[in-house]
Amino acid sequence: MLSIDAVKKVSKLARFNLSDEEQEMFQKLLNEALDYIEILNELDTSNTESTSQVTGLVNVFDKDAAVDSLTSKDALKNAPKTKRGLIVTEAVIKKGTTNP
Amino acid sequence: MKKLNELSITETVKGLKSHDFSSTEVTKECVWAITKNDKQIHAFVTTCFEGALKEAQEADEKITRNGEKAFGKHPLLGVPFALKDNFCTKGLLTTASSNIIRNFIPPYESAVSQRLKDAGAVLLGKTNLDAFAHGSSTESSDFLTTRNPHNHSRLPGGSSGGSAAAVAANMCIFAIGSETAGSIRQPASWCGVVGFKPTYGRVSRYGVIAMASSTDSPGPITKTVADSALVLNVISGKDIHDSTTSDLPVEDYSKYTDSKYTASKNRKLKVGVAKSYFIKGMEPEVKSGVMNAVSLLKNSGYEVSDVDLIDPKYSIAVFTIIQRSEVSSNLGRFDGIRYGYSRDEFGFEAKKRIMLGTYTLSAGYYDKYYSKAQKVRTLIINDFNKAFKTFDVIVGPITPCVALEVGAAKGNAMFGELQDILNEPSAMAGITAISIPCGFSHDLPIGIQIMANRFEEGKVLSVSSDLERLLKAKVVKKTVK
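Quick look at the structure, then.

Scoring rules and cut-offs
- Residues numbered from 1 in each chain as written.
- Chains lettered and ligands numbered in written order.
- Predicted model: local features only at pLDDT ≥ 70, side-chain atom pairs only at ≥ 80, totals over all residues.
- Heavy atoms only, no water.
- Buried < 20%, exposed > 50% of the residue type's maximum accessible area, 1.4 Å probe, protein only.
- Helix = DSSP H or I, 4+ residues; strand = E, 2+ residues; numbered from the N terminus.
- Pairing = 2+ DSSP bridges.
- Salt bridge = Lys/Arg side-chain N within 4 Å of Asp/Glu carboxyl O.
- 1 Å grid on protein atoms, 1.4 Å probe; cavity = no way out; pocket = protein on both sides within 12 Å on 5 of 7 lines; lining within 4 Å.
- Points joined across faces, edges and corners; volume = space filled by probe spheres on them.
- Nonpolar A, V, L, I, M, F, W, Y, C, P; charged D, E, K, R; others polar.
- Polar contact = N/O pair within 3.5 Å; in protein donor to acceptor, adjacent residues only side chain to side chain.
- Contact = heavy atoms within 4.5 Å.
- Axes fitted to C-alpha atoms, helices over the stretch in contact; angles between N-to-C directions.
- Phe/Tyr/Trp six-rings, centres within 6.5 Å; stacked < 30°, edge-to-face > 60°.
- Lys NZ or Arg CZ within 6 Å of the ring centre and 35° of its normal.

### Section: the pairing of strand β10 (residues 432-441) of chain B
All names here are of chain B.
Inference 1: Summarising burial for β10: 7 of the 10 residues are buried, a large majority.
Inference 2: Relative to β10, strand β5 (residues 194-197) runs antiparallel, the two sharing 3 bridges. Following the sheet pairing, Gly 195 is matched in β10 by Ser 435.
Inference 3: Examined bridge by bridge, β10 and strand β11 (residues 444-452) share 9 bridges and lie antiparallel to one another. Bridge pairing in β11 places Pro 437 opposite Gly 447.

Structure, rendered in C-alpha cells:
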C-alpha cells in the first residue's frame, strides 16, 4: 500500500504540485487501483516473454534524406514565451550559482 | 423519404453521382442538424461551417466538371463528416477536450484527416471526447458531457462519445473516432451505430494525440457496415510518419460487404461465441440481445459454437497498468513550454492516470507492474492466436450494460477500465473488431461485437454486414406479421 510519502515522491516525478488534500485523495485512488492489479499474481508468467508491441515489426527505417519540415515560425506558434526565434523555458540553474 | 443528413455514405455518394442533390445541400442539412440539436447533445467542441461549405462547393465543382470520374480519385467526395478532437487539424483548434491545450492550433495535419481531405470528404467540426481519451462516457471531458441521442439523460459512452452521438443524431454522414480499448466500440454500441476498430498498425496514428502508443487505433464510426469499409479504404495504409504502420497492401474492403460475396463465402466461416464475456452482473437484455443475433447467424447456416477465452477480468489489470504507464510517458510532453498550459491544469482523470502510470514505471516497481503486465499480455495474445486457429471470427457482447445515466462515471477509481472489460483483451492483442447494433433494451441500443485476428478486417466486415442484413430482415418480418 502506498504511503503519503510515496505519493509525494510520485507526484514529484510526475511534476504535479498537489495540495495535501489532493495527495490524500490520490493515495486512496492509487491504492484502490493497485489492489485490483494484484489479480495478475494469479497467473504464472515465469516462462513467458513480455510483449512490448504487437506489430511484429523490426527495424523500420526511413531514407536518410532532408525533407521539408515545419518552419520555425509554425513551430513557435503555440509556445507561450518566445524570444528571438527561441522558446523560453524556466531556469534550471539558479542565478548566482557557481560550480562546486 | 430520408432527409439528406440521414443518408449513409453509400447513399450520399450514389445521390451525388446521379445529381439527385449536391454536396452543398447535404452539408447544409448537416449544419442545420448540428445548429438545431447540438445545444442538447453537446457532440461538438468546435464547428467549422464556413470551411465545410467551401469544401462542399469545391466538391460540387469537381462533380460538375468530371462527373462520376471525380469519385475515382476522391471516393468520399462531398461527404460531410465529424472528427474526434484528438486528431490534429492544421490551423483548426484541437483540444483533446482538455483545458491544458484549450487554445492549441496544430501546425500540421493528422494522417487520417489528410487522407480524408484528399478523398474529398467535408469536415464539419471536431467532436467531444473524454479529455485525452481517458474514459468511457465523455464525463471526463474538461468542457462538456455529451448526451445520448436516444435518451438525453443517458451517456453516449466514450471516449469517442461525441463522434458516436453525432452519427446517431444524423449531424454528419460519418465520423472518426479512436480506440485504445473500447473507445470506438463502446460508444458505437451505446449510441446504436457501427464502430470499427482496425488492426493496430492498419491506420496511422500520426497526428493523433497519444494515449497508449501500443494500442491506440483510429477508426470509423458509421451508419452501416458497408460505410465503415469505404472509410477504411481511405484511411488505411503505411505511413512514413508512423513506423508502427504495416506495409501490407490495402485491399478494397468494400468487396466484403457485398451480399454476393457473403452469400458465396460466409457459410463456411466458423463463429466462436466468447462464453467468458457473458460476465456476472451483465444486464439480461444485453445477453439476450447478443444471443438472439448469434442465433440468427446459426439459423442462416454459420457453424457456431462456444469458444473458451482467458477470463477478461485479467485484461482489466493488464490494460490499466500498460495504458496508464504509457499515458504517463506520453503526457510528459505537456510541460507548458512548447505549447499548452501548466501541468496543474490537467483534469482530475488525467492526473489520476499519470500518477498510477508514473508509479508503475518507477524504479523498483517496473518489473512488478509493467513487466508483469507485458507478460500477461503475451498470454492474452497467445490465447487469441489459439482460438483463431479454430474460429474465423469470435463474437460476444461489448459492454455489460446499455447506456448509463449521466453522472455514472463520477468518483469511480477505474470506471473506464471496468466498463471496457470486454474490449480490453482484443485491444491488448491489437486484433480487429466491429460493433454493430443488434437490438434495444427499452429505448437504449444494444451492440454485438465481431472480432477477427490481425489484418483479417475482411472476415469482420463480411460476417457483420451479413448479420446486419439478417437483423434488418428480422425487423421487417416482425412488422409484416
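So much for the structure itself; the text now carries on.
### Regarding the pattern of salt bridges
Inference 1: Within the structure shown, the criterion is met by 18 salt bridges over all chains.
Inference 2: Residue Lys 351 of chain B pairs with Glu 22 of chain A through a salt bridge whose shortest N-O separation is 4.0 Å. Residue Lys 351 of chain B is located in helix α12 (residues 348-361), and its partner Glu 22 of chain A is located in helix α2 (residues 20-37); the two belong to separate chains.
Inference 3: Residue classification places Glu 22 of chain A among the partly exposed residues on the basis of a relative accessible area of 25%.
Inference 4: Lys 28 of chain A is paired through a salt bridge with Glu 32 of chain A; the nearest N and O atoms lie 3.2 Å apart. With a gap of 4 residues between them, Lys 28 of chain A and Glu 32 of chain A both fall in helix α2, about one helical turn apart.
Inference 5: With a relative accessible area of 54%, Lys 28 of chain A lands in the exposed category.

### Examining the layout of surface pockets
All names here are of chain B.
Inference 1: In this structure, the largest pocket encloses a volume near 1,200 Å³.
Inference 2: Those elements giving two or more residues to the lining of the largest pocket turn out to be α1 (9-17), α6 (161-168), α8 (225-235), α10 (284-299), β10, β11 and α16 (457-480).
Inference 3: Tallying contributions element by element places α16 first for the lining of the largest pocket, with 7 residues.
Inference 4: Within the lining of the largest pocket, the residues separate by chemical class into 15 nonpolar, 11 polar and 11 charged.
Inference 5: One number sums up the size of the second largest pocket: a volume of about 550 Å³.

### Considerations on the side chain of Ser 113 of chain B
Residue and element names in this part refer to chain B.
Inference 1: Here Ser 113 shows up in helix α5 (residues 111-118).
Inference 2: A polar contact of 2.8 Å, which involves the side chain of Ser 113, links it to the side chain of Glu 109.
Inference 3: In this view, Ser 113 contacts Leu 83, Cys 88 and Thr 89; residues no more than four positions away in its chain are not counted.

### Considering the environment of Ser 371 of chain B
Inference 1: Positionally, Ser 371 of chain B belongs in helix α13 (residues 367-390).
Inference 2: For the pair Ser 371 of chain B and Met 291 of chain B, spaced 80 residues apart in sequence, the C-alpha to C-alpha distance is 37 Å.
Inference 3: In this structure, Ser 371 of chain B is in contact with Ser 50 of chain A together with Tyr 366 of chain B, ignoring residues within four places of it in sequence.

### Observations regarding the sheet that holds strand β6 (residues 217-222) of chain B
All names here are of chain B.
Inference 1: Sheet architecture is open: 11 strands sit in the order β1-β3-β2-β4-β6-β5-β10-β11-β9-β7-β8, paired in mixed fashion. Unpaired on one side and paired on the other, β1 (44-47) and β8 (303-307) mark the two borders of the sheet. In this sheet, adjacent strand axes meet at a mean angle of 30 degrees when their direction is disregarded.
Inference 2: Pairing geometry for β1 and strand β3 (residues 122-127), over 3 bridges, is antiparallel. Pairing of Phe 44 across the sheet is with Thr 127, part of β3.
Inference 3: Here α8 sits on the sheet and contacts β4 (174-179), β5, β6 and β10; the angle it forms with β6, its principal contact strand, is near 145 degrees.

### Quick notes on the packing of aromatic side chains
Inference 1: Inspection of the entire model under this criterion finds 15 aromatic pairs over all chains.
Inference 2: The interplanar angle of 85 degrees and the centroid separation of 6.2 Å between the aromatic rings of Phe 16 of chain A and Phe 346 of chain B together place this pair among those described as edge-to-face. On the criterion of chain membership, the pair formed by Phe 16 of chain A in the loop between α1 (4-13) and α2 and Phe 346 of chain B in the loop between α11 (313-330) and α12 is interchain, its members lying in two chains. Residue Phe 16 of chain A shares its accessibility class with Phe 346 of chain B, and that shared class is buried.
Inference 3: An aromatic cluster is built from Phe 16 of chain A together with Phe 104, Phe 132, Phe 334, Tyr 339 and Phe 346 of chain B, whose rings are joined through pairwise contacts.
Inference 4: The ring of Tyr 341 of chain B has Arg 102 of chain B sitting right over it, with the charged end atom 3.9 Å from the ring centre.
Inference 5: Directly above the aromatic system of Phe 16 of chain A lies the positively charged group of Lys 351 of chain B, at a separation of 5.8 Å from the ring centroid.

### Things to note about empty space enclosed by the protein
Residues and elements named next belong to chain B.
Inference 1: Going through the model one piece at a time under the given rule, you end up with 4 cavities of 30 Å³ or more.
Inference 2: Space inside the largest cavity adds up to approximately 60 Å³.
Inference 3: If you trace the largest cavity, you find 13 residues lining it, with Gly 135, Ala 181, Phe 319, Arg 353 and Asp 420 closest to the centre.
Inference 4: At the level of elements, α11 and α14 (415-419) are the ones that each hand at least two residues to the lining of the largest cavity.

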